[in-house]
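# A closer look at the structure
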Amino acid sequence: MKLGIVGLPNVGKSTLFNCLTNSTNAEAANYPFCTIDPNVGIAQVSDERLAKLQALYKAQKTLPAIVEFVDIAGLVKGASKGEGLGNKFLSHIKEVDAVLQVVRCFEDSNVTHVEGSVNPTRDIEIINLELIFSDLEIVDKRLPKAEKNMRQDRLLAKEFDMLKRLKESLEKGLFARTFETADNEELEMLETLNLLTYKPVIYAANVNEEDLADDGGSNPYVNAVRDLAAKENSKVFVICAKIEEELAGMEITEKKEFLSELGLSSSGLDKLIVASYDLLGLMSFLTAGVKEVRAWTIKKGSTGPQAAGKIHSDFEKGFIRAEVVKYNDLINLGSYVAAKEKGLVRMEGKTYIVQDGDIIEFHFND
C-alpha cells in the first residue's frame, strides 16, 4: 500500500511523514517549499497478533505488513499551471494508491500559512481544484487521439464518448471517482487514465494537543472537514503532528503509557492504517512458523491462489490447496496440533475466499 501525503505548504506534512516513518529525511521548516523532491518512507503496520504468534511458535523474527508513504511537496493555487514549484509534483501523486491530504486545523501565530489564515475547507478546495485541473489536461490531450480514429475503431468511438462526458463532469468540479461509467469497458478506460481525482482520499485534520481528547469534536475546523468529507464519501481522522513526533521515539510500553495519559487508545499512525485499509478494501492474512511470523496485505475478496501469489508468483501458478486455521482458534487452543484435533484446520481449494486473520500454509507444485 502506497499513500501520497499532500497539502498546502506548512500544514504539517513533512513532520507527519517523519513521525509515521520514524525518519528525519523530510525537512520540516516554517517556510513554503522546504520539501522539493518527494521523500519516501516505510511504516510498519501495528498488529498485536504477531507478538502472540511469535511467542506460540517461538519464531526467530516477526515481519509486519508495511505501508509506503510518499511526502509530496506542498501544492499551491495554480500548481497545475506551473505555480509554486510547478506541476511536476502532481505527477508524483499518480504513483500512489490513495491520497492522504493533511489539513491544518489549528491556530498558531508562529507558523505561517501560505494563504494568510486558517481555513481548512478553502485549503482542501485549492488542492482538489489543482487535481481536477491536472485531470482535465490529461482528458484534453486524450480526446483528439480518440476522435481521430473513432470511425475505424468501435472502442475508440466509445472512449471518445466517455471522455466527453468525463470532461463535462470534471468542469463542474466533480471528481473522476464519482463519474458514472456506462459499463465495464468504460470503467477500464477510466482506470487506464490514472487520474488524480480517481484515487481515494483520506483527510488528516492536524490539530493541537488539547483537541485530541474528544477527537476534534469541539474544533470547528475539524467539523468543517468532516462535513466536506461526508459529501465526498472520503475518510477523516484527527491527528496531532506534535504528539506523533513525541511518540515516534518511544518504545511500545512507553508509547502505550503516554497515549493512556492523553486519554487515547491508539496513535495517529494506527488510526491512519485502519482508515487506509478500510478505504482501499484491504486486510491481512498471516503465515507462522519457527523461522518467522509474518503479515501479508491483500485485497478483501482475494482467493487462496491470489493470496499465495502475494508471497511468490510460483505459489499462485502451482497452487494445490491452502491449509487454513483461524487466528482466534489457534490462540484459544494453544497449539496447531490442538486446533487440528478439534477439526479447526481446514483444507481449502482455489475458490476459497481468504479472511482477515487466516493463518495459512500453502501447498503448491514446484
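Residues numbered from 1 in each chain as written. Predicted model: local features only at pLDDT ≥ 70, side-chain atom pairs only at ≥ 80, totals over all residues. Heavy atoms only, no water.

### Quick word on the pairing of strand β4 (residues 66-71)
Here 4 bridges tie strand β1 (residues 2-6) to β4, and the two strands are oriented parallel to one another. The partner of K2 across the bridge, within β4, is E68. Note: strand β2 (residues 39-44) against β4, 6 bridges, orientation antiparallel. Each residue of the ladder has a partner; that of A43, found in β4, is V67. (Pairing = 2+ DSSP bridges. Helix = DSSP H or I, 4+ residues; strand = E, 2+ residues; numbered from the N terminus.)

### Here we look at the pairing of strand β7 (residues 235-239)
Sheet analysis places strand β6 (residues 201-206) next to β7, joined by 5 bridges and oriented parallel. Of the residues in β7, the one forming a bridge with A204 is F237. The parallel pair β6 and β7 is bridged by helix α7 (residues 220-232), and the resulting crossover is right-handed. (Right-handed = clockwise from strand over helix to strand, strands pointing away.)

### Some points on the pattern of salt bridges
Evaluated as defined, the whole model comprises 21 salt bridges. The partner of R346 in a salt bridge is E348, with the nearest N and O atoms 2.8 Å apart. Taken together, the shared-partner salt bridges connect R154, K158, D183 and E185 into one network. (Salt bridge = Lys/Arg side-chain N within 4 Å of Asp/Glu carboxyl O.)

### Comments concerning the confidence of the model for the chain
The predicted model of the chain has a mean per-residue pLDDT of 87, with 90% of residues at 70 or higher. Within the model, the stretch residues 24-36 combines pLDDT values under 50 with 35 contacts to residues more than four positions away or in other chains. (pLDDT = per-residue confidence, 0-100. Contact = heavy atoms within 4.5 Å.)

### Quick word on the packing of aromatic side chains
Considering all chains together, one arrives at 4 aromatic pairs under this definition. Taken together, the aromatic side chains of F285, W296, F319 and F362 make up a single cluster linked through ring pairs. Over the ring of F106 we find R104; its NZ or CZ atom is 4.7 Å from the centre of that ring. Above the ring of W296, the side-chain terminus of R294 is found at 4.0 Å from the ring centroid. (Phe/Tyr/Trp six-rings, centres within 6.5 Å; stacked < 30°, edge-to-face > 60°. Lys NZ or Arg CZ within 6 Å of the ring centre and 35° of its normal.)

### Topic: the sheet that holds strand β5 (residues 98-104)
Taken in spatial order, the 6 strands make up an open sheet running β2-β4-β1-β5-β6-β7, and their pairing is mixed. Of all strands in the sheet, those bounded by a partner on one side alone are β2 and β7. In this sheet, adjacent strand axes meet at a mean angle of 25° when their direction is disregarded. Contacting β1, β5 and β6, helix α4 (residues 120-148) runs over the sheet at an angle of about 145° to β5. Docked against the sheet, helix α10 (residues 268-280) engages β1, β2, β4, β5, β6 and β7, running at close to 175° with respect to β7. (Axes fitted to C-alpha atoms, helices over the stretch in contact; angles between N-to-C directions.)

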